[in-house]
Amino acid sequence: MDAKINKFSTLPDSDPAKALAPIRRLVFGAFMGALLAGAVLIGSTLHVMQTTDSISMAKERARAAQVADTLVALPEDQVEPAIERLGEVAGLRNLALSPAAASGEYQQSIPLLSGPYGGHFLTWTAERPGLYLFNTYAPLRVPLMLMLIGGVLACLFAMLGHVRRIEHQRIAAQRQALRDHLTGLPNRLALEGELSRLADGEWAFSVLAFDLDRFKPVNDLFGHHAGDLALIEVAQRLAAQLLPGEVLARIGGDEFVAIVHRNHRTDLIHLARDCIAAIGEPLDSVGRKISVGVSLGIVQNGLGQAPTTLLRQADRALYEAKRHDAGAFCFAGEVLPEPGDSLVGNSSSSEQLAQSA
């Protein structure tokens, strides 16, 4: 059946990629949002760490300044013994006197501007509470955060895969609902949808209704399986007469409808004759001596008309053609003369009857 659908399908099918595009954009947006949230969280953590360290070091400098004020008032022999005690009281780790400013990592210093050690520096090792918190808690929390973000993203991609499967199933069901199960051609529902689309457009199109002649004896004599094979072969032959972009549908039984982008009368007459000749050939699938015929009703221009109106006009023209021998065709709104009637005064109908005989 897939091969039949691929061969006979001329209606545009739904594109899963287009249907899933909004969902993919949402998943991509969520993915980028998760990454941005992670980056903001890490950036905020680093900013809090640096801010905490900066505040701590500013407070240490303020306490060191108080210690320096105290040392200025002490005699020279009491300065060094007092530094250790003052460092413990002020919470300044490794507080000491140095002839030069501190240059090591995490080292701070302030100058002594007066006193016995004027020109020297008080140096100490800065506390880094922000860095301590980061080193203590980040190794546990950062991987956990990344796992949570990864879990969210995994759920999003799993959801996308699930939605993709549902969309493929929906499109497959839609295609099945719009296809004839035997020939793979569009069915009446798909045909009416295409007629509605074209009727509201700007490009002229014509509608041809087909009804097989002498088909019932095939079913009666050879069985329904032979009849099904005959219908498939007829569908192939009719589809071969159409141009790319034109639509052939089976609307029930041995009835077919074609939508063609040809609206000149001469072109439609040639197409009708070609279809009649193609269908009249013996059916290879049933037997070399078995053949059917076809009659046609033609609506020359379908622009601006409702699908039901177009199909009704095509049916009326087809009924008019069926009143004559097999292999006749008739345009909508015209009446074929009865066999034996005078053709004088009805040039269009007489020309049509001559072409279809």
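Above this text is the structure in question.
Residues numbered from 1 in each chain as written. Predicted model: local features only at pLDDT ≥ 70, side-chain atom pairs only at ≥ 80, totals over all residues. Heavy atoms only, no water.

Student: Can you tell me about unusual backbone geometry, naming the residues and giving the values?
Tutor: The phi dihedral of Asn 94 is positive, around 60°, even though this residue is not glycine. Along the chain, Asn 94 turns up in strand β1 (residues 93-98). One non-glycine residue, Arg 214, adopts positive backbone phi at about 60°. Within the element layout of this structure, Arg 214 appears in the loop between β4 (206-213) and α6 (216-222). Classification of Arg 214 by relative accessible area gives partly exposed; the value is 43%. (Helix = DSSP H or I, 4+ residues; strand = E, 2+ residues; numbered from the N terminus. Buried < 20%, exposed > 50% of the residue type's maximum accessible area, 1.4 Å probe, protein only.)

Student: Can you break down empty space enclosed by the protein residue by residue, with the values?
Tutor: Within the structure shown, the criterion is met by two cavities of 30 Å³ or more. Each pocket or cavity is described by its volume, and for the largest cavity that value is around 40 Å³. Lining the largest cavity are Ala 68, Leu 71, Val 72, Val 79, Leu 112, Ser 114, Gly 115, Pro 116 and Tyr 117. Residue composition of the lining of the largest cavity, grouped by class: seven nonpolar, two polar and no charged. Quantified by volume, the second largest cavity comes out at close to 30 Å³. Contributing to the lining of the second largest cavity are Ala 209, Ile 251, Val 257, Leu 311, Ala 314 and Asp 315. By residue number, the principal contributor to the lining of the second largest cavity is helix α9 (residues 307-322), which donates three residues. Its residues placed into classes, the lining of the second largest cavity shows five nonpolar, no polar and one charged. (1 Å grid on protein atoms, 1.4 Å probe; cavity = no way out; pocket = protein on both sides within 12 Å on 5 of 7 lines; lining within 4 Å. Points joined across faces, edges and corners; volume = space filled by probe spheres on them. Nonpolar A, V, L, I, M, F, W, Y, C, P; charged D, E, K, R; others polar.)

Student: Quick rundown of the pattern of salt bridges? Include the residues and the values.
Tutor: Pairs can form between side chains of opposite charge whenever their charged atoms are close. Taken as a whole, this structure holds eleven salt bridges when the rule is applied. Residues Arg 265 and Glu 334 are paired through a salt bridge, measuring 3.2 Å at the closest nitrogen-oxygen approach. Taken together, the positions of Arg 265 in helix α8 (residues 265-279) and Glu 334 in the loop between β8 (329-331) and α10 (347-356) put the pair 69 residues apart, joining distant regions of the chain. Overlapping salt bridges bring together Asp 211, Asp 213 and Lys 322 as one network. (Salt bridge = Lys/Arg side-chain N within 4 Å of Asp/Glu carboxyl O.)

Student: Hey, could you go over the sheet that holds strand β5 (residues 247-252) for me, with residue numbers and the actual values?
Tutor: Strand order across the open sheet formed by five strands is β5-β6-β4-β7-β8, with mixed pairing between neighbours. Every interior strand has two partners, whereas the edge strands, β5 and β8, have only one. Each strand axis lies, on average, 20° off the axis of its neighbour in the sheet, ignoring direction. For strand β7 (residues 293-299) and β8, the ladder comprises three bridges, and the chain directions are parallel. Looking at the pairing, Gly 297 lines up with Cys 330 of β8. (Pairing = 2+ DSSP bridges. Axes fitted to C-alpha atoms, helices over the stretch in contact; angles between N-to-C directions.)

Student: Account for the layout of surface pockets, with residues named and values stated.
Tutor: Regions of empty space are outlined by a rolling probe, equal in size to a water molecule, passed over the atoms. Taken as a whole, the largest pocket spans an internal volume of roughly 290 Å³. What lines the largest pocket is a set of 14 residues, among which Thr 45, Phe 134, Tyr 137, Ala 138 and Arg 141 lie closest to the centre. Elements with a contribution of two residues or more to the lining of the largest pocket: α2 (16-72) and α4 (129-177). The leading source of residues in the lining of the largest pocket is α4, at eight residues. Across the lining of the largest pocket, the residue classes break down as ten nonpolar, three polar and one charged.

Student: Let's hear about the nonpolar core: which residues, and what values?
Tutor: Judged by nonpolar contacts, the single largest core of 34 residues is most densely connected at Leu 208, Phe 210 and Phe 256. Ignoring sequence-local partners within four residues, the contact set of Leu 208 consists of Phe 256, Val 257, Ala 258, Val 260, Leu 268, Leu 271, Leu 296, Gly 297 and Ile 298. Listed in part, the 17 residues of the second largest apolar core include Leu 191, Phe 205, Ala 249 and Val 299. (Core = buried A, V, L, I, M, F, W, Y, C linked by side-chain atoms within 4.5 Å. Contact = heavy atoms within 4.5 Å.)

Student: Please provide a residue-by-residue account of a positive patch on the surface, values included.
Tutor: On the surface, a cluster of positive charge is contributed by Arg 24, Arg 25, Arg 164 and Arg 165. When contributions to the positive patch are tallied by element, the ones reaching two or more residues are α2 and α4. Along the chain, Arg 24 falls in helix α2. The class of Arg 24 is partly exposed, set by a relative accessible area of 34%. (Patch = residues over 30% accessible without salt bridge, like charges linked within 9 Å, V, L, I, M, F, W, Y side chains within 5 Å. Areas by Shrake-Rupley, 256 points an atom, 1.4 Å probe, with all protein chains shown as cover. Lys, Arg positive; Asp, Glu negative; His and termini not counted. Charge placed at Lys NZ, Arg CZ, Asp CG, Glu CD.)

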